[in-house]
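# Summary of structural features
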Amino acid sequence: MNLHDDAVLVLKGYEDQPELRDVYLDHLAEHPDGMYKPCEAGHLTSSALVIDPSRGRVLLTLHKKLGMWLQMGGHCEPGDATVEAAALREAAEESGIAGLTLLPGGPVRLDRHPIPAPCHWHLDVQYAALAPADAVAEISEESLDLRWFAYEDVAGVADTSVVELLKGTLARLA
């Protein structure tokens, strides 16, 4: 099974956001290259909100290009076996934290957002990653800053997408 096939299976199993899920599935049906950055019609990305439930906090990165506090994430790469693996790889690379584990249950949310030309859309498959108790974050070259935020502080620094991802994550943890 390749990454494209895995994404289709993951999305078919995702029961929330049915209209948006169908947009993703239609995109993949129309674009065999729709998993990767060169697909100018848009491409899937994979991200993970790094969360430390024992301390009631999440780790956000100040994105270098966008200047926004976001979850860890980015483009799928040919070496990624699954969409989950891409999310976990991105989270580990951007947070510097070893030993992250994805919250069970598959994606927490989907988020489709426009991006500058030549491509038009990111179709983000969003997960949550649990940080180990002794996690020490290290800023990567992709970030301007990296910081832990208490759950209640996220809405004051991040956009609606991140806030909704946190809400979905907390609901799944409950």
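These lines cover the structure that appears in this document, whether it is placed above or below. Since we're looking at a predicted model, the values are computed, not measured.

### Structural notes on the overall build of the protein chain
Scanning the protein chain for helices and strands turns up 5 helices and 8 strands. Along its sequence from the N terminus, the protein chain presents helices and strands in the succession α-α-β-β-β-β-α-β-β-β-β-α-α. Taken over C-alpha atoms, the radius of gyration comes to 15 Å for the protein chain, in line with the 16 Å a tight globule of 174 residues would show. For the C-alpha atoms alone, the extent of the protein chain along its principal axes is close to 45 × 35 × 30 Å. The buried share of the protein chain, reckoned over its 174 residues, is 47%. Here the contacts in the protein chain between residues at least 6 apart in sequence split such that 67% fall between residues at least 24 apart. Approximately 8500 Å² of the protein chain is accessible, and the part contributed by carbon and sulfur atoms is 55%.

### Some words on the layout of surface pockets
Looking at the largest pocket, its volume works out to about 1000 Å³. Lining of the largest pocket is provided by 36 residues; of these, His63, Leu66, His75, Ile115 and His122 occupy positions nearest its centre. Secondary structure elements with two or more residues in the lining of the largest pocket: strand S1 (43-52), strand S2 (57-63), strand S4 (72-75), helix H3 (83-95), strand S6 (109-114), strand S7 (121-130) and helix H5 (160-173). Classifying every residue of the lining of the largest pocket gives 11 nonpolar, 14 polar and 11 charged.

### Some details on the packing of helix H1 (residues 3-13) against helix H2 (residues 18-30)
The interhelical angle for the contact between H1 and H2, taken along N-to-C directions, is 155°, at an axis separation of 10 Å. On the basis of their axis angle, the class for H1 and H2 is roughly antiparallel. Relative to H2, the crossing made by H1 is left-handed. Residue-level contacts link His4, Ala7, Val8, Leu11 and Lys12 of H1 to Arg21, Tyr24, Leu25 and Leu28 of H2. Looking at side-chain class alone, the contact of H1 with H2 contains 6 nonpolar, 1 polar and 2 charged residues.

### Looking at H1
Taken residue by residue, H1 has Leu3, His4, Asp6, Ala7, Val8, Val10 and Leu11 as its buried positions. If you follow the buried residues of H1, they end up packed against H2, S1, H3, S6 and S7.

### Considerations on unusual backbone geometry
Its identity is not glycine, yet Gln17 carries a phi of approximately 45°, on the positive side. The exposure class of Gln17 is partly exposed, given its relative accessible area of 24%.

### Some remarks on the nonpolar core
Counting residues in hydrophobic clusters, the biggest one holds 31 residues, and the most contacted among them are Met35, Leu44, Val50 and Tyr127. Secondary-structure elements contributing two or more residues to this core are H1, H2, S1, H3 and S7. The leading source of residues in this core is H1, at 5 residues. Among the nonpolar cores identified, the runner-up in size contains 17 residues, and Ala128, Phe149, Ala158 and Leu165 belong to it.

The rules behind each value
- Residues numbered from 1 in each chain as written.
- Predicted model: local features only at pLDDT ≥ 70, side-chain atom pairs only at ≥ 80, totals over all residues.
- Heavy atoms only, no water.
- Helix = DSSP H or I, 4+ residues; strand = E, 2+ residues; numbered from the N terminus.
- Rg over C-alpha atoms; globule rule 2.2 N^0.38 Å.
- Buried < 20%, exposed > 50% of the residue type's maximum accessible area, 1.4 Å probe, protein only.
- Contact = heavy atoms within 4.5 Å.
- Areas by Shrake-Rupley, 256 points an atom, 1.4 Å probe, with all protein chains shown as cover.
- 1 Å grid on protein atoms, 1.4 Å probe; cavity = no way out; pocket = protein on both sides within 12 Å on 5 of 7 lines; lining within 4 Å.
- Points joined across faces, edges and corners; volume = space filled by probe spheres on them.
- Nonpolar A, V, L, I, M, F, W, Y, C, P; charged D, E, K, R; others polar.
- Axes fitted to C-alpha atoms, helices over the stretch in contact; angles between N-to-C directions.
- Parallel < 35°, antiparallel > 145°, perpendicular 65-115°, else oblique.
- Left-handed = near helix turned anticlockwise from the far one by under 90°.
- Core = buried A, V, L, I, M, F, W, Y, C linked by side-chain atoms within 4.5 Å.

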